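Take a look at the letters that make up each chain.
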Amino acid sequence: MSFDDIDRQLVLLLARDASQSTTQLGRRFGLSQPATWRRIKRLRDLGVLTTRRLDLDAQKLGFGVTVFLGIKLATKGRVSLDDFERAIGAIPEVQTVDHVLGLYDYRLRVVARDLADFERVLRRRVMTLPGVGDVEANVMLSEERRPGPL
Amino acid sequence: MFDSEDRAILRQLQAEPGLAMPDLAVRVGQTPAKVSRRVERLQEDGLILGQRWDVDWRILGYSVFVSLRVSLDKTIPTAFDDFIKAAREVPQVLEIQTFLGRVDVRLSLIATDLADYQAVYREEILTLPHIADIEALMDVARVKANRDLPL
């Protein structure tokens, strides 16, 4: 698989704004609309561009709190990781689940309306799952995404 | 500021951002003209910020994903600003979050392999200003990554 500079620029632009038309995008590189479309299609077929996402303002939609949770499983070996992952992933407020190596076994990103709502999710949904041991919560204050090494 | 009809539109668009206006209108049971106006207003009011593509960095040759949990030296008033400014200059950093809790800042970092990671960690990360403590967690698998809001 090879990617040239135009491919990399396209990925960079689409990772930031997926609403631009292929005509607009092509113009930046002096490419025709069909040529641009073919490049984007190839990037999708190869799996570089995976899913189109809608970016919403969580605050304005009433989700004032985002918390990163580190979870350590208490009874490793006795709990099925598949079951745990399925159960934790099914909680609507849980936005991301990553299996990690290190201080914790799982990292969760959880949204809630406010801290009281977060406590409800934590106590009723997360802590009640079998195998949950140590939990560390860090309340997010700010976030920025970087374009990455393209 | 937004009602149940807006919520229905946002729910559909969140699940399928590329949805054409006529299809969206059918799903929420309104006329396309009405739905278009609502979507425009949601954009103007900043509830919809935009659309973007998720990138799979593994296909681009990056196989190592690390989460760095950083504590900063809080005796220095500009510690956060200095650290974040410098972290932005590291191309391998994909996300920067600040927290209230045990961790001050989290960096999400990618590298092509472990040797590359070691080089970036030593030369670019450990040289960032005002680090009091740093912990690395390696991502083994993404279980859920949609970041959807429970609308």
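Source: prediction; values computed, not measured.

1. Looking at the domain arrangement of chain B
- If you check the domain split of chain B, you get domain 1 (4-44) and domain 2 (64-138).
- Between the C-alpha centres of domain 1 of chain B and domain 2 of chain B the distance comes to 40 Å.

2. Focus: the interface of chain B and chain A
- Chain B puts 52 residues into the contact, and the matching count from chain A is 55 residues.
- Put simply, the parts of the chain that give the side of chain B that touches chain A at least two residues each are helix 1 (4-15), strand 1 (48-55), strand 3 (93-100), strand 4 (105-111) and strand 5 (131-144) of chain B.
- Element by element, the count of residues in the side of chain B that touches chain A is highest for strand 5 of chain B, at 10 residues.
- Of the residues assigned to the side of chain B that touches chain A, the class counts are 29 nonpolar, 10 polar and 13 charged.
- Of the pairings in the sheet, the one linking strand 5 (residues 132-145) of chain A to strand 3 of chain B comprises six bridges and is antiparallel in character. Counterpart to A:V139 in the pairing with strand 3 of chain B is B:L100.

3. Focus: the pairing of strand 2 (residues 64-72) of chain B
Residue and element names in this part refer to chain B.
- Judged by how many residues are buried, strand 2 sits mostly within the fold: eight of nine residues are covered.
- Pairing of strand 2 with strand 5 involves seven bridges; the strand directions are antiparallel. What sits directly across from V70, in strand 5, is I134.

4. Considering the sheet that holds strand 4 of chain B
- The eight strands lie next to each other as 2(A)-4(A)-3(A)-5(B)-2(B)-4(B)-3(B)-5(A), forming a closed barrel whose pairing is antiparallel. Between one strand axis and the next, the sheet turns by 35° as a mean value, whatever way the strands run.
- As paired strands, strand 2 (residues 65-73) of chain A and strand 4 (residues 106-112) of chain A are joined by seven bridges and run antiparallel to one another. Counterpart to A:L69 in the pairing with strand 4 of chain A is A:L108.
- Along the sheet face, helix 4 (residues 79-88) of chain B touches strand 2, strand 3 and strand 4 of chain B and points at about 165° away from the line of strand 3 of chain B.

About the thresholds
Residues numbered from 1 in each chain as written. Chains lettered and ligands numbered in written order. Predicted model: local features only at pLDDT ≥ 70, side-chain atom pairs only at ≥ 80, totals over all residues. Domains from an automatic or database assignment. Contact = placed C-beta atoms within 7 Å. Helix = DSSP H or I, 4+ residues; strand = E, 2+ residues; numbered from the N terminus. Nonpolar A, V, L, I, M, F, W, Y, C, P; charged D, E, K, R; others polar. Pairing = 2+ DSSP bridges. Buried ≥ 20, exposed ≤ 12 C-beta atoms within 10 Å, placed from the backbone. Axes fitted to C-alpha atoms, helices over the stretch in contact; angles between N-to-C directions.

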